[in-house]
Amino acid sequence: MQKHSLKNTLRKHDSIIVLSMILIAVLFAMLVGAIAIVISGANPVKAYMEFFHGFIGNTYGMGELINKFTPLVCCALSFGIATKSGFMNLGAEGQFAIGALVSCVVALNMGETTPILGILIPILAGTIAGALVSAVAGLMKIFFKANELLTTLMMNYVIDYFISWVVAEPLKNPAGNMEQSAAIPASSKLPILLPGSRLHLGVFFAIAALILIWFLQQRTTTGFEMRLSGLNAKCARYAGVNQTKSLLYVILISGALAGLGGSLELLGNQYKMMSGISNAFGFDGIGIAVMGRYTPLGIFLSSLLFGALRVGTQSMQRGSNVPVPILYILQGTIIIAVIVSAYFATKIRESLVERSGER
C-alpha cells in the first residue's frame, strides 16, 4: 500500500521535479554566461538587465517574443511528431524555406484581394509545399530504404541554393538592387494584434497546430498507430498497423508543420522572400522538441524559452555591447543544461522508486 502510494505521489509530482531541474539548469547556464561576459569585459548585471528588458516590460519586446515563438513551435512540432513516430526529419529548415517561398509566390500572383483569401490561400499553399518536400525524402525511405537523416539534411542545402538563385533571378524585385522579391500585397499580410508591436495573427495558427497535434496523438487511432510504430515497429506490425500508411501520414504532417512556420514568418514578419529567411528556426526546433520531450505542452514551454533567448540576446547585444559569440555560448549552454537536467530528473525519479522497493 505504501509502495503504491509513493508511486502515485511520484507520478503526481513528476512535472514539479522536471520543472525544478530545468530552473536549476537555466540558472546554471546564466552563471556560465555571466562568467563569459566578465571575461569579455562587459558588465554581467547590465547585460542581464538588458536581456530581460528585451521581452519584459515593453510592448514591442513582448510582441517580438511571441513572433519568434510562432515559427519555432511549428518547427519543433515538425521534428517532435516525426521523431515520436520513427521518422527523423532533419529537413525542417528547408521545408520552412520552401513554405515561405511558395506563400510569397502565391501572394504575389494573387495581388490585392480580400484579406481572408489573401492570407488563407498562401498559407495553405506553403503548408502543402512543406509536406511535398518532406514527402520526397519519405518516399525515398519507403521505396529505396534511404536513410532519412541524410536525405532530409542534404535537402536543406539543395533548397538553400535554389532559393538563392530564385531571389537573385526570376523572383528578384526589378525595382530594387537587393536579391529579394517584391513585397507581398497588403491583403496577404497577417494583421497586427497588439499596437506598438509587430505581434501578428500567426500565433493563433501556431497554437491551433499545437492543439491539433495533441488531439491527433492522444485522441485518435491514427495518432496511436503513429506513436506505436515509432516505439516498436514489430509490435505495431503484429497489432495490424499499416506501417507504410502510418509513416506516410507522419512524413506529410511533419513537412506541413514546417511549411506552415515558413508561411507565417513570410506573411507576418518578412513580407518578402530572401535568402536565409529560415534563420535557423528549423534547427532550433530540434533542440526545442528534445527539451520539451516531444510533447505539445513541453514544446510550447520550450518554444517560449527559445523565443525569449532570441529576443533577449539581441537586446543584450544592443544595450551592453556583449560580443555575439558570447550570446551563442549562453544559448548553447542553456540548451545543453536543460537537456542534461531532463536526464537527471529521470534518474531522481528512478532512484526514489528503487528506494521504495519497486522495480
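Heads up: the structure comes first, above all this text.
For every chain, the first residue of the written sequence is number 1, and numbering continues from 1 onward in sequence order. Local features in this predicted model are restricted to residues whose pLDDT is 70 or higher, and side-chain atom pairs enter the listing and the counts only when it is 80 or higher, whereas totals over whole chains, interfaces and linings include all residues. With hydrogens and water set aside, each side-chain value is computed from the structure's full complement of heavy atoms.

J.: Got a minute to help me understand a nonpolar patch on the surface in this structure?
T.: Note on patches: the residues involved have over 30% relative accessible area and no salt bridge, like charges join within 9 Å, and the nonpolar side chains Val, Leu, Ile, Met, Phe, Trp and Tyr join within 5 Å. Residue exposure ignores everything except the shown protein chains as possible cover, and the areas themselves are Shrake-Rupley values with a 1.4 Å probe. Take a side-chain nitrogen of Lys or Arg and a carboxyl oxygen of Asp or Glu: if they are within 4 Å of each other, that pair is a salt bridge. A surface patch of nonpolar side chains, amounting to about 660 Å² of accessible area, comprises Val136, Leu139, Met140, Phe143, Phe144, Leu248 and Leu252. By the criteria applied, helices consist of DSSP H or I runs no shorter than four residues and strands consist of E runs no shorter than two, each listed in order from the N terminus. Among the elements of the structure, helix H6 (115-144) and helix H11 (243-270) are those that each provide at least two residues to the nonpolar patch. For the nonpolar patch, the leading source of residues is H6, giving five residues. Along the polypeptide, Leu248 turns up in helix H11. Partly exposed describes any residue whose relative accessible area lies between the buried limit of under 20% and the exposed limit of over 50%, with all areas from a 1.4 Å probe on protein chains only and scaled to the type maximum. Leu248 sits in the partly exposed class, given a relative accessible area of 33%.

J.: Would you take a moment to explain helix H7 (residues 148-168) for this structure?
T.: An α-helix turns once per 3.6 residues; consequently, residues spaced three or four apart project the same way. Relative to the 30 Å expected for 21 residues at 1.5 Å per residue, H7 spans 30 Å between its end C-alpha atoms, a close match to the ideal helical length. Taken together, the buried positions of H7 are occupied by Glu148, Thr151, Thr152, Met155, Asn156, Ile159, Ile163, Val166 and Val167. Axial view of H7: buried residues confined to an arc of 150°, hence all on one face. Exposed side of H7, more than 90 degrees from the buried face: Leu150, Val158 and Tyr161 are the residues found there. Residues of H7 that are buried sit in contact with helix H5 (92-110), H6 and helix H12 (281-291). Helix span, as expected, comes to 1.5 Å for every residue beyond the first. Arc, as used here, means the arc of the directions from the helix axis to the C-beta atoms. Contacts are assigned to residue pairs that have any heavy atoms within 4.5 Å of one another.

J.: How should I be thinking about the environment of Gly307 in this particular structure?
T.: The topology assignment puts Gly307 in helix H13 (residues 296-320). If near-sequence neighbours (up to four positions away) are discounted, Gly307 is found in contact with Leu65, Lys68 and Leu72.

J.: What should I look at first to understand the packing of H6 against H7 in this one?
T.: When two helices pack together, their arrangement is captured by the angle between the axes and the distance separating the axes. Here, axes are lines fitted to C-alpha atoms. For helices the fit covers the stretch in contact, and angles between N-to-C directions go from 0 to 180 degrees. The interhelical angle for the contact between H6 and H7, taken along N-to-C directions, is 145°, at an axis separation of 9 Å. Two packed elements cross with a definite hand, and for H6 against H7 that hand is right-handed. Mapping the contact onto sequence places Val133, Val136, Ala137, Met140 and Lys141 in H6 and Glu148, Thr151, Thr152, Met155 and Ile159 in H7. Charged residues are taken to be Asp, Glu, Lys and Arg, nonpolar residues to be Ala, Val, Leu, Ile, Met, Phe, Trp, Tyr, Cys and Pro, and polar residues to be all remaining types, Gly included. Residue composition of the contact of H6 with H7, by class: six nonpolar, two polar and two charged. For a crossing to be left-handed, the near helix must be turned anticlockwise from the far one by less than a right angle; the clockwise case is right-handed.

J.: Which parts of the structure should I look at to understand the packing of helix H3 (residues 44-53) against H13?
T.: H13 packs onto H3 with a crossing angle of 130° between their chain directions and a minimal axis gap of 7 Å. As far as their axial angle goes, H13 and H3 are oblique. Here the hand of the crossing between H3 and H13 comes out right-handed. Contacts between H3 and H13 involve Lys46, Ala47, Tyr48, Glu50 and Phe51 from the former and Ala308, Leu309, Gly312, Thr313, Ser315, Met316, Gly319 and Ser320 from the latter. Of the residues assigned to the contact of H3 with H13, the class counts are six nonpolar, five polar and two charged. Geometric relationships in this document are graded by angle, where less than 35 degrees denotes roughly parallel, more than 145 denotes roughly antiparallel, 65 to 115 denotes roughly perpendicular, and other angles denote oblique.

J.: Is there a simple way to explain unusual backbone geometry in this structure?
T.: Residues other than glycine predominantly adopt negative phi, and peptide bonds predominantly adopt the trans conformation. Phi is positive for Tyr294, which is not a glycine, with a value near 65°. Mapping Tyr294 onto the fold places it in the loop between H12 and H13. Notably, Asn321 is not glycine yet its phi reads approximately 55°, a positive angle. With respect to the element layout, Asn321 can be found in the loop between H13 and helix H14 (324-355).

J.: Sorry, what's going on with the pattern of salt bridges here?
T.: Oppositely charged side chains can form a pair if their charged atoms are brought close together. This model, assessed by the stated rule, comprises four salt bridges. One continuous salt-bridge network, built from bridges that share partners, spans Glu64, Lys68 and Arg198.

J.: What should I look at first to understand the packing of aromatic side chains in this one?
T.: In this description, a pair of aromatic rings is defined by centroid distance and the angle of the planes. Geometry of aromatic contacts follows a simple scheme: Phe, Tyr and Trp rings, the Trp one being its six-membered ring, pair when their centres are within 6.5 Å, and the pair is stacked under 30 degrees between planes, edge-to-face over 60, tilted otherwise. Tallied over the full model, the rule gives eight aromatic pairs. Consider the rings of Phe51 and Phe55, whose centres lie 5.6 Å apart with planes at 90°: the pair is edge-to-face. Phe55 matches Phe51 in its accessibility class, with the two residues each being buried. The ring of Tyr271 carries the charged tip of Lys189 above its face, separated from the ring centre by 4.7 Å. Each ring is checked for a lysine NZ or an arginine CZ that lies within 6 Å of its centre and within 35 degrees of its normal; such an atom marks a charge sitting over the ring.

J.: Sorry if this is basic, but what is going on with helix H4 (residues 59-84) here?
T.: With 26 residues, H4 extends 37 Å from end C-alpha to end C-alpha; this agrees with the ideal 38 Å at 1.5 Å per step. Of all 26 residues in H4, 21 are buried, a share of seventy percent or more. Among the residues trailing H4, Gly86 stands out with phi positive, at a value near 90°.

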